[in-house]
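# Breakdown of the fold
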Amino acid sequence: MAKKNILVIEDNHAILDVITLILESEAFNVAGLNKGADFISHVHDFNPDVIIMDIMLPDTDGRVLLKEIKGTDTTQHIPVLMISARYNATNYILDGIEADDFMAKPFNIDDLMDKIYALLKKRVS
């Protein structure tokens, strides 16, 4: 089976590094961004199987990027896992656009992996 691509957008470098190391240890190809600039071009270039995205980014709101992904024909199929320390699963939704899943920070690594594998399975079926 080909390696799956996971794009991680997280402005906290320590969290981004930990997520990247864990995903790479699980044999995923990982690309990390610490801001939203040029996000869509990265999505098109990297062709992620799953996107993990923080809501609070230094240059934009992750929910705006989510709206752009889900509103574009070529990217709307990509599962997105939103993560946030400030928001929760009931109050992060913007303009009625929901991610495929949500995790509050701090999170358990096993829970993160469970969610990623569930999103990958969802994309295949």
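Because the structure is a prediction, the values reported are computed rather than measured.

Reading guide: rules and limits
- Residues numbered from 1 in each chain as written.
- Predicted model: local features only at pLDDT ≥ 70, side-chain atom pairs only at ≥ 80, totals over all residues.
- Heavy atoms only, no water.
- Salt bridge = Lys/Arg side-chain N within 4 Å of Asp/Glu carboxyl O.
- Helix = DSSP H or I, 4+ residues; strand = E, 2+ residues; numbered from the N terminus.
- Buried < 20%, exposed > 50% of the residue type's maximum accessible area, 1.4 Å probe, protein only.

## Structural notes on the pattern of salt bridges
Under the definition given, this model contains seven salt bridges. The residue Asp54 makes a salt bridge to Lys105 at a minimum N-O spacing of 3.2 Å. One end of the pair, Asp54, is in strand S3 (residues 50-54); the other, Lys105, is in the loop between strand S5 (101-104) and helix H4 (109-124), and 51 residues separate them in sequence. Judged by relative accessible area, Asp54 falls into the buried class, the value being 3%. When its relative accessible area of 16% is taken as the criterion, Lys105 is described as buried. The shortest N-O distance in the salt bridge between Asp101 and Lys115 comes to 3.1 Å. Separated by 14 residues along the polypeptide, Asp101 in strand S5 and Lys115 in helix H4 bring together distant segments of the chain. Of the residues examined, Asp101 reaches a relative accessible area of 23% and is grouped as partly exposed. Accessibility expressed as a relative area gives 22% for Lys115, which makes it partly exposed. Connected via shared salt-bridge partners are Glu10, Asp54 and Lys105.

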